[in-house]
Amino acid sequence: MSIYEQQTLKIQNSLSGEKEIFKPITSGFVGMYVCGPTVYSNVHLGNIRTFMSFDIIYRYLLHLGYKVRYVRNITDAGHLTDDDAEDKISTKARLEKVEPMEIVQKYTVDFHNVLKQYNLLPPSIEPTATGHIVEQIEATQKIIDAGLAYVVNGSVYFDVFKYNETKHYGILSKRVIEDAIENTRALDGQSDKKNPQDFALWKKAEPEHIQRWNSPWSEGFPGWHLECTVMSTKYLGDQFDIHGGGMDLKFPHHECEIAQAEACNHKAPVNYWMHTNMLNLNGKKMSKSTGNFLNPSDIYTGNNTILSKAFTPSVTRFSMMQAHYSSVLDLTDDALLASEKGYNRLMDALKTVAQLKTNTSSSFDINSWKQKCYDAMNDDFNTPILIANLFDAVKYINQVKDNNASITAEDLAILTKTLNQFTFDILGLKDDAKTNSNSDTLTGTIELLIQLRAEAKANKNYDLSDKIRAELLALGVQLKDGRAGTSFSLS
Ligand code: AMP
Ligand code: ZN
């Protein structure tokens, strides 16, 4: 019997606004699609929070015994700049004078490296927009044939008002059509639209636009919203179980996805829409455009001016798990310091549990504790409650260690297995406390070498001071001499 047959999972569905019992379309199987990154710059920690939230969801579904097909795309074309004038990747390629696919490659590799650092599992399929141009042209044609899109000057727009005659545009974001305006600024290409609510399925490329493909309407590129409709339904079917993304994608991106899929397949594409909340930094949304962000590596190299010290990826991950995915999470130095303490206590308890002496009776109800851990995750993946339960176990473990409580061998086996499963398999934490102390040792060692180099310089022993700098560089440690002394960064 699979675990999912014994547990009742509930999911907060953004479509109904209700917490609903999760029932997959095909028993035992789950299809899940999550909007991936637009690979035109390095991901920031806020992006990571969203992908991490879905990583926990994926991990828990796997733990329950579902066979999950998890599709997370890479947007490598079509995502327009905020002024709707140009594609983000093409703009970057033009500015940097490189091929758009060089931009795509660089930031896709960065994205994968970062997710690996934070111990996220790779999805089952990671399709790209440029790999699905044919499907996007076909879908556009289908929508035109259904009378729900129109062609103007080589671009194709979805006719929102026409669609709204029989369906509800705004069903997800709970907007009335008058307020459902896709973009705030009315610029060039937008004047082609019949209504400001309409959105592009295909855009004719301006001469300076580098990424372009042939189509029946013009040489151009697909609109961003269409890729997700095409790739989700291609790999998961016209109707699938879960679609996720950050809250900021609910409108217009996901609203448009619903309308496109309905227009193509005459079915609501998704049963459960899930939206994760934003990561703030010191009270404000983390975002590249405002400059209020931390790069994911800044936090573990300590190379930033915001935090008092470096924090390992597992401590950061643990800190993010201490808020529910649907709540805003404010990343602060104090929160990270507190999380580090909690994380270390948990890791210590996991070591202690292996050494506990057993007794003939238990003074703690292990089975009801275990069910409480499941209840927390069954309640819309409530990781903060789960963590509170894990700390009840930590307290008990320490009491048994100090002979203030007892545990039977059978209960100890359940406790050990459950604690390990929830900590490592489901929360996806790693025991990198050692790495943490290693990193303190490393910092101390480098600082010692910096001091020895300064002494060598003072003694005019330039051969030695240059040797220290060069050999550190070969090991990936770069020294920077400034007025306030020498600092270092790790590559
Ligand atoms: P983008 O590459 O801009 O399409 O963003 C990728 C994902 O990161 C989307 O699902 C966004 O909702 C999400 N995201 C962007 N900023 C934040 C933030 N500050 N906190 C959490 N998620 C974010
Ligand atoms: Zn998407």
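Here the residue numbering is sequential within each chain, running from 1 through the sequence in written order. All chains are assigned letters beginning at A, and all ligands numbers beginning at 1, according to the order in which they are written. Reporting in this predicted model follows two pLDDT cut-offs: at least 70 for local features of residues, and 80 or more for side-chain atom pairs to be given and counted; totals over whole chains, interfaces and linings ignore these cut-offs and use all residues. Note: side-chain values were computed over all heavy atoms of the structure, leaving out hydrogens and water.

## As for the sheet that holds strand 9 (residues 240-246)
Here a strand pair is declared whenever DSSP counts at least two bridges between the two strands. Going along the chain from the N terminus, every DSSP run of H or I of four or more residues is numbered as a helix, and every run of E of two or more is numbered as a strand. Read across the sheet, four strands follow the order 4-3-9-10 without closing on themselves; strand pairing throughout is parallel. The outermost strands of the open sheet, each flanked by one partner alone, are strand 4 (67-72) and strand 10 (270-276). Within this sheet the neighbouring strands show an average axis-to-axis angle of 20°, counted without direction. The pairing of strand 3 (residues 29-34) with strand 9 spans three bridges and is parallel. When the sheet's bridge partners are listed, V34 is paired in strand 9 with G244. Docked against the sheet, helix 6 (residues 224-236) engages strand 3, strand 4 and strand 9, running at close to 165° with respect to strand 3. All axes here are fitted lines through C-alpha atoms, helices being fitted over the stretch that makes contact, and every angle between N-to-C directions spans 0 to 180 degrees. We call two residues in contact whenever any of their non-hydrogen atoms come within 4.5 Å of each other.

## Observations regarding the site of ligand 1
Only heavy atoms are used to decide nearness, and a residue is near a molecule or strand if one of them lies within 4 Å of it. Taken together, 16 residues surround ligand 1, and among them G46, T50, D248, L279 and M286 come closest. As used in this structure description, the phrase polar contact means that two N or O atoms lie within 3.5 Å; if the pair is within protein, one of them must be able to donate a hydrogen and the other to accept it, and residues adjacent in sequence are counted only when both atoms belong to side chains. Here a nitrogen atom of ligand 1 and a backbone polar atom of L279 are 2.7 Å apart. For ligand 1, whose accessible area on its own is 490 Å², the fraction buried by protein is 90%. It is helix 1 (residues 45-64) that contributes the most residues to the shell around ligand 1, four residues altogether. Side-chain classes follow a simple rule in which Ala, Val, Leu, Ile, Met, Phe, Trp, Tyr, Cys and Pro form the nonpolar group, Asp, Glu, Lys and Arg form the charged group, and the remainder, Gly included, forms the polar group. A breakdown of the residues in the shell around ligand 1 according to their chemical character gives six nonpolar, eight polar and two charged. Areas reported here follow the Shrake-Rupley algorithm with a probe of radius 1.4 Å; residue values treat only the protein chains shown as occluding.

## Quick look at the packing of aromatic side chains
We call Phe, Tyr and Trp rings a pair once their centres come within 6.5 Å, taking the six-membered ring for Trp, and we label the pair stacked below 30 degrees between planes, edge-to-face above 60, and tilted otherwise. In total, this model carries 18 aromatic pairs according to the counting rule given. Between the aromatic rings of Y169 and F251, the centroid separation amounts to 6.4 Å while the plane-to-plane angle is 70°, which identifies the pairing as edge-to-face. Note that Y169 is positioned in the loop between helix 5 (160-166) and strand 7 (199-204) and F251 in helix 7 (residues 250-265), a separation of 82 residues in sequence. Buried residues are those whose accessible area, probed at 1.4 Å on protein chains only, stays under 20% of the maximum for their type, while exposed residues exceed 50% and partly exposed ones sit between those limits. On the basis of relative accessibility, which here comes to 10%, the residue F251 falls in the buried class.

## A short note on the packing of helix 1 against helix 9 (residues 313-321)
At a closest axis distance of 11 Å, the pairing of helix 1 and helix 9 adopts a crossing angle of 75°. Classified by the interaxial angle, the pair formed by helix 1 and helix 9 is roughly perpendicular. Residue-level contacts link L45, R49, M52, D55, I56 and R59 of helix 1 to T316, R317, M320 and M321 of helix 9. An angle below 35 degrees is treated as roughly parallel, one above 145 as roughly antiparallel, one from 65 to 115 as roughly perpendicular, and anything else as oblique.

## Focus on the pairing of strand 2 (residues 18-21)
Where strand 1 (residues 10-13) lies against strand 2, four bridges are found, and the strand directions are antiparallel. Across the sheet, the residue bridging to K10 is I21, located in strand 2. Counting the residues between successive antiparallel strands, the hairpin from strand 1 to strand 2 contains four residues, one of them, G17, with a positive phi of roughly 75°.

## Let's talk about the pattern of salt bridges
Any two side chains of opposite charge can pair, given that their charged atoms come close. Salt bridge criterion: a side-chain nitrogen from Lys or Arg within 4 Å of a carboxyl oxygen from Asp or Glu. Evaluation of the coordinates by the stated rule reveals 16 salt bridges. Between K167 and E262 there is a salt bridge, with its nearest N and O atoms 3.3 Å apart. Placement of the pair is K167 in the loop between helix 5 and strand 7 and E262 in helix 7, with a sequence separation of 95 residues. A residue is classified by how much of its surface remains accessible, and K167, at 36% relative accessible area, is partly exposed.

## Quick word on the side chain of H324
Tracing the backbone through its elements, the reader meets H324 in the loop between helix 9 and strand 13 (329-331). A polar contact of 2.7 Å, which involves the side chain of H324, links it to the side chain of S326. Among the polar contacts made by the side chain of H324, one reaches the main-chain carbonyl oxygen of D380 at a distance of 2.7 Å. Once residues within four sequence positions are removed from consideration, H324 is found in contact with R49, D380, F381, N382 and P384.

## Observations concerning the coordination of the zinc ion (ligand 2)
Here the zinc ion (ligand 2) is held by the protein donor atoms C35 (SG), C228 (SG) and H253 (NE2), which lie 2.0 to 2.2 Å from it. Each metal's donors comprise the N, O and S atoms found within 2.8 Å of it (within 3.2 Å for Na, K or Ca). Water is not part of the atom list, so some coordination spheres may appear incomplete. All donors of the zinc ion (ligand 2) belong to a single chain; written as a sequence motif, their spacing is C-x192-C-x24-H. Placement of the pair is C228 in helix 6 and H253 in helix 7, with a sequence separation of 25 residues. In terms of burial, C228 and H253 fall into one category: buried.

## A look at the side chain of T276
Note that T276 resides in strand 10. Contacts of T276, omitting those with residues within four sequence positions, involve T50, S53, F54, G245, G246, M247 and Y325.

## Quick look at the environment of Y70
Positionally, Y70 belongs in strand 4. Along the backbone, Y70 and D55 are 15 residues apart, and their C-alpha atoms lie at a distance of 9.8 Å. Y70 has contacts with M32, V34, F54, Y58, P123, S124 and I125, leaving out every residue within four places of it along the chain.

## Brief notes about helix 10 (residues 333-352)
Each residue after the first adds 1.5 Å to the expected span of a helix. Relative to the 28 Å expected for 20 residues at 1.5 Å per residue, helix 10 spans 29 Å between its end C-alpha atoms, a close match to the ideal helical length. Looking at helix 10, one finds that the buried residues are D333, L336, S339, E340, G342, Y343, L346, M347, A349, L350 and T352.

## Remarks on the domain arrangement of the chain
What fixes the domain bounds is an automatic or database domain assignment. The domains assigned to the chain are domain 1 (14-276), domain 2 (280-426) and domain 3 (432-490). When each unit is reduced to the centre of its C-alpha atoms, the spacing between domain 2 and domain 3 is 34 Å. With seven residues of domain 2 in contact, the opposing surface of domain 3 contributes four residues. The term buried area means the drop in 1.4 Å probe accessible area that two parts suffer when joined, counted for both and summed. Of the roughly 600 Å² buried where domain 2 meets domain 3, counting both sides, 44% is carbon and sulfur surface. At the surface where domain 2 touches domain 3, the tally comes to zero residue pairs in polar contact (both at pLDDT 80 or more). Residue assignment for the side of domain 2 that touches domain 3 shows that the elements contributing at least two residues are helix 9 and helix 10. When residues in the side of domain 2 that touches domain 3 are grouped by element, the largest group, three residues, is from helix 10. Its residues assigned to classes, the side of domain 2 that touches domain 3 comprises two nonpolar, four polar and one charged.

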